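Residue-level structure breakdown
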Amino acid sequence: MPALADIVGQEQALGQLRAALTGARPHHAYLFEGPEGVGKGTAALALAQALNCLRRPSEGCAGCDACLKIRDGLHPDVISFEVLPEKGQAERVRGLLPSLAFAPHEGRARVVVIDPADGLNTTSANVLLKTLEEPPPSTHFVLVSSVATQLLETIRSRCQRVRFRALATEEIAPWLVAHQELSPAAAQSAAELSGGSLGRALALAESDDLSERSRRVDALLVAVGGSDVQRLEAAAEWTGEREESTAALELLWLKLRDVLWRAEGLAGEPLAQSPRNLMLGLRATEEARQAIEGFVNPQLAMEHLLLRLAQLRVMA
Ligand SMILES: [Zn+2]
């Protein structure tokens with residue numbers, strides 16, 4: 001796991017954290033907000049390393065005893081609290097609090113990572129709020145969220161907000177080449193389809209069949225603009241391919257999302273297409289994927305989807 005220095009992009013967020021680490025005392029509660037898969041969780045642990053590192057205090061070395069224990073989830077003062085949508089969630093939060101009254105066991109600082117913080121229900125959030133209002137000594141909370149607007153305002157206002165952004169293709173692709181031994185071309189396509197999420201780019205890069213799948217998805221998009229017969233033939237290619245067709249529809253969704261971004265002038269060459277129709281196309285694609293997961297025949301689901309995309313005049 002990387003120390004602060006190894007986190008991809010996010011200069012602004014890291015600058016904010018480094019200033020806190022080297023300057024006045026770090027805040028007792030942070031809210032790390034931003035899209036999925038851009039380094040929030042990694043940064044939370046890197047912050048815990050920086051606070052407890054034995055060799056490079058305020059930065060983290062990723063190699064000392066403390067850093068390694070944090071990486072492996074074995075440090076007694078670094079608590080990763082996974083928020084689950086469960087009954088008794090508030091009891092789990094309550095159960096966490098008494099131990100925080102004591103000084104850290106072996107580190108300089110205790111770090112409690114709450115992820116995803118937006119998964120806390122109102123009761124749990126209120127339990128936590130009391131603690132955030134009277135923070136225990138040497139304890140730092142890191143609330144991680146990709147939908148921070150869903151957090152109680154009272155919680156948000158107690159936290160110092162650190163914003164993480166979607167990464168650029170130019171940040172993701174070289175990282176994939178360097179760390180995943182991907183060819184530049186494969187890294188470029190995974191990065192382009194990742195929507196700025198390193199996590200998603202990694203998942204895409206790990207699927208060996210990305211380029212073949214991408215080719216088949218492009219063929220689907222060509223069929224959308226073709227005749228009825230071409231659409232039926234294209235759908236027939238997916239007979240019996242339940243797993244592969246759901247993966248392909250995820251990829252199709254990403255490609256259409258890129259088209260939408262271009263149509264809205266948010267990325268790349270602007271396109272003259274109706275954003276509303278593209279939104280409907282995205283929804284239809286997701287519905288087709290769910291239908292196949294729910295055991296609708298992939299060929300039928302594809303036929304239906306291609307016809308719908310044609311009606312919407314969706315083009316790639
Ligand atoms: Zn260290």
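One can find the structure itself at the top, above this paragraph.
Note that the coordinates shown come from a computational prediction; the quantities given were computed from them, not determined experimentally.

Reading guide: rules and limits
Residues numbered from 1 in each chain as written. Predicted model: local features only at pLDDT ≥ 70, side-chain atom pairs only at ≥ 80, totals over all residues. Helix = DSSP H or I, 4+ residues; strand = E, 2+ residues; numbered from the N terminus. Buried ≥ 20, exposed ≤ 12 C-beta atoms within 10 Å, placed from the backbone. Core = buried A, V, L, I, M, F, W, Y, C linked by C-beta atoms within 7 Å. Domains from an automatic or database assignment. Contact = placed C-beta atoms within 7 Å. Pairing = 2+ DSSP bridges. Axes fitted to C-alpha atoms, helices over the stretch in contact; angles between N-to-C directions.

**Quick word on the environment of alanine 50**
Relative to the helices and strands, alanine 50 is located in helix α2 (residues 40-52). Assessed through the 28 C-beta atoms surrounding it within 10 Å, alanine 50 is described here as buried. Distance from alanine 50 to cysteine 67, taken between C-alpha atoms, is 8.2 Å for residues 17 residues apart in sequence.

**Digging into the nonpolar core**
Nonpolar side chains tend to gather and get buried jointly when the protein is soluble and globular. Among the nonpolar cores identified, the biggest contains 84 residues, and Leu47, Val142, Leu143 and Leu176 are the most heavily contacted of them. Here the element with the most residues in this core is helix α12 (residues 242-263); it accounts for nine residues. No fewer than three residues from each of domain 1 (4-163) and domain 2 (207-311) sit in this core. With sequence-adjacent residues up to four places away left out, leucine 47 is seen in contact with Leu17, Val111 and Val142.

**Looking at the sheet that holds strand β4 (residues 139-145)**
The sheet built from five strands is open, its strands ordered β2-β3-β4-β1-β5 with parallel pairing. For this open sheet the edge positions go to β2 (78-82) and β5 (160-163), each flanked by a neighbour on one side alone. For this sheet the average axis-to-axis angle between neighbouring strands, irrespective of direction, equals 20°. Judged from the five bridges that link them, β2 and strand β3 (residues 110-115) form a sheet pairing that is parallel. Bridge pairing in β3 links glutamate 82 to aspartate 115. Against the sheet, α2 touches β1 (29-33), β2, β3 and β4, its axis set at about 170° to β4.

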